[in-house]
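# Observations on the three-dimensional arrangement
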Amino acid sequence: MTTRAPHRAAGRVEVHGVHKSFGTLEVLRDVDLTFEPGTVTVVLGPSGSGKSTLLRAINHLEKVDAGFVTVDGDLVGYRRCRGRRGDVLQELKEREILGQRTRIGFVFQGFNLFPHLTALENVVEAPLSAQRRSRAEVEAEARELLARVGLADKADARPRQLSGGQQQRVAIARALALRPRVLLFDEPTSALDPELVGEVLEVIKDVASTGTTLVVVTHEIGFAREVADSVVFMDDGVVVEQGPPAQVLDHPRHERTRAFLDRVL
Ligand code: ADP
Ligand code: MG
């Protein structure tokens, strides 16, 4: 595998006082979190606790009702404007939001590859359309990334010719192709057969060593223990506790965390 030096000490994500409801259902309730540059955070919590909504709020796939998110100090999805009664937030234009999303990669549970494109075409698509880079440069980097995720020989394969684990590794290469500062993973191994989980976790572990800030929603406690700098436990829309894995996993402070861990361990 080739390695790239960490390009910058960037990728600080701050979530401030975020609230989100769907109708009368409060899904995120005053969530405050900071993800430090280059760290790996594992987010745990029962189904329905708001984990996916949190990730979607971070890259503005979901508009929050209150609070805000910043990446390296820049508001995500909004700009601050001087109003008559103080500062107001004005939503960015779609094109500007897409620009911001190039800094915040997303890897989905269901891979979401374009089925009609080859692995290589999947990886080059976004950087070619969203970042004004030359095809030669983007393709060379895409081949490097496919090699990095162990798929150098699958550049011309289409998703249906690949296993779930291979498809997810293509999806990770695709996310990396935009050179994001932050990479969000929403249960990246949940759709995989058990024997394919390890290969994807290995790739995520390798990505963690490059200095990209990672936020990983997963129930893989072993991965959290080994790779995470920080573990967040969410329940019912709130952050119940956060700390180093040894603390949250082995000495949880809250009964709700303990009960959850008893169920998944
Ligand atoms: P998790 O990822 O922790 O399982 P989610 O963030 O997906 O939780 O969902 C939290 C809650 O919000 C769930 O009750 C879910 O049904 C609800 N929810 C999520 N997205 C929507 C939506 N677009 N419309 C209505 N309810 C939603
Ligand atoms: Mg989810």
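In this text the structure is predicted, and so the values were computed from the model without any measurement. (Residues numbered from 1 in each chain as written. Chains lettered and ligands numbered in written order. Predicted model: local features only at pLDDT ≥ 70, side-chain atom pairs only at ≥ 80, totals over all residues. Heavy atoms only, no water.)

## Considerations on the sheet that holds strand β2 (residues 25-35)
With respect to topology, four strands assemble into an open sheet ordered β2-β1-β4-β5, the strand pairing being antiparallel. With one partner strand each, in any of the chains shown, β2 and β5 (74-75) form the two edges of the open sheet. In this sheet, β5 lies alongside strand β4 (residues 66-71) in antiparallel orientation, the contact comprising two bridges. Residue pairing across strands places valine 71 opposite aspartate 74, the latter belonging to β5. Docked against the sheet, helix α1 (residues 51-58) engages β1 (13-22), β2 and β4, running at close to 60 degrees with respect to β2. (Pairing = 2+ DSSP bridges. Helix = DSSP H or I, 4+ residues; strand = E, 2+ residues; numbered from the N terminus. Contact = heavy atoms within 4.5 Å. Axes fitted to C-alpha atoms, helices over the stretch in contact; angles between N-to-C directions.)

## Considerations on the UniProt feature "domain: ABC transporter" (unreviewed entry) in the chain
As annotated by UniProt and renumbered to match this structure, "domain: ABC transporter" (unreviewed entry) occupies residues 13-261. The span residues 13-261 shows a helical share of 37% and a strand share of 29%, and its end C-alpha atoms are spaced 26 Å apart. (UniProt positions renumbered as here; feature names shortened; annotations may be inferred.)

## A few points about the nonpolar core
One recurring pattern in soluble globular proteins is that nonpolar side chains are buried together. Judged by nonpolar contacts, the single largest core of 52 residues is most densely connected at Leu44, Leu146, Ile172, Ile204 and Leu214. Of all the elements, helix α6 (residues 194-208) adds the most residues to this core, at eight residues. (Core = buried A, V, L, I, M, F, W, Y, C linked by side-chain atoms within 4.5 Å. Buried < 20%, exposed > 50% of the residue type's maximum accessible area, 1.4 Å probe, protein only.)

## Some details on the sheet that holds strand β9 (residues 182-186)
Spatially, β8-β9-β10-β3-β11-β12 is the arrangement adopted by the six strands of the open sheet, whose pairing is mixed. Two strands lie at the open edges of the sheet, namely β8 (104-107) and β12 (238-243), each paired on one side alone. Shown here is a sheet whose adjacent strand axes are inclined to one another by a mean of 20 degrees, direction ignored. Where strand β11 (residues 230-235) meets β12, five bridges bridge the pair, whose relative direction is antiparallel. Each bridged residue has a counterpart across the sheet, and for valine 232 the counterpart in β12 is glutamine 242. Contacting β3 (40-44), β8, β9, β10 (213-217) and β11, α1 runs over the sheet at an angle of about 155 degrees to β9.

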